[in-house]
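Here are the chains, one letter per residue:
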Amino acid sequence: MMCLLLKVDRYLRTTRMSRSRFGRLTVNDPRLVTDMMRGRVIGPEMTLRIERFMADRPA
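Because the structure is a prediction, the values reported are computed rather than measured.

What counts and how
Residues numbered from 1 in each chain as written. Predicted model: local features only at pLDDT ≥ 70, side-chain atom pairs only at ≥ 80, totals over all residues. Heavy atoms only, no water. Phe/Tyr/Trp six-rings, centres within 6.5 Å; stacked < 30°, edge-to-face > 60°. Helix = DSSP H or I, 4+ residues; strand = E, 2+ residues; numbered from the N terminus. Buried < 20%, exposed > 50% of the residue type's maximum accessible area, 1.4 Å probe, protein only. Salt bridge = Lys/Arg side-chain N within 4 Å of Asp/Glu carboxyl O. pLDDT = per-residue confidence, 0-100. Expected span 1.5 Å × (residues − 1). Arc of directions from axis to C-beta.

> Which residues make up the packing of aromatic side chains, and what values go with them?
Applying the stated criterion across every chain, the model contains three aromatic pairs. A centroid spacing of 5.7 Å and a plane angle of 55° characterise the contact between Tyr-11 and Phe-22, whose relative ring orientation is tilted. Residue Tyr-11 is found in helix α1 (residues 2-15), and its partner Phe-22 is found in helix α2 (residues 19-27); the two are separated by 11 residues along the sequence. In this pair, the class of Tyr-11 matches that of Phe-22, namely buried. Members of the aromatic cluster, joined through ring pairs, are Tyr-11, Phe-22 and Phe-53.

In structure tokens, the structure reads:
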């Protein structure tokens, strides 16, 4: 989970995308990144969606 959060953080800094926009575009949840920072556990399916989004839209 922490590894995914680090990847997301790096992606957001590189693309200059807001946390809420990233969450909306990836899983239709604007609080996704903030919740992850607060300890939200992300399941394998959602992890794949997030990683696929970042791979399909490289920074």
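After presenting the structure, the write-up continues.
> Provide a residue-level description of the pattern of salt bridges, including the pertinent values.
Pairs can form between side chains of opposite charge once their charged atoms are near each other. One pass over the structure, following the stated rule, counts five salt bridges. Between Asp-9 and Arg-13 there is a salt bridge, with its nearest N and O atoms 3.1 Å apart. Placement of the pair is Asp-9 and Arg-13 together in helix α1, with a separation of four residues, close to one helical turn. With a relative accessible area of 37%, Asp-9 lands in the partly exposed category. With a relative accessible area of 57%, Arg-13 lands in the exposed category.

> Describe in detail the confidence of the model for the chain, supporting the description with residues and values.
Here the chain averages 95 in pLDDT, and 97% of its residues register 70 or above. Mean pLDDT across the elements of the chain ranges from a minimum in α1, with 94, to a maximum in α2, with 98.

> Provide a residue-level description of the side chain of Thr-47, including the pertinent values.
Looking at where Thr-47 falls in the secondary structure, it is placed in helix α4 (residues 44-56). On the accessibility criterion, Thr-47 (18% relative accessible area) is buried.

> Report on α4, specifying residues and quantitative values.
In this model, α4 (13 residues) spans 18 Å end to end at C-alpha, consistent with the 18 Å of a helix rising 1.5 Å per residue. For α4, every residue scored as buried is listed here: Thr-47, Ile-50, Phe-53 and Met-54. Buried residues of α4, viewed axially, fall in a sector of 130°; they line one side. For α4, exposure combined with an orientation more than 90 degrees from the buried face picks out Pro-44, Glu-45, Ala-55 and Asp-56.

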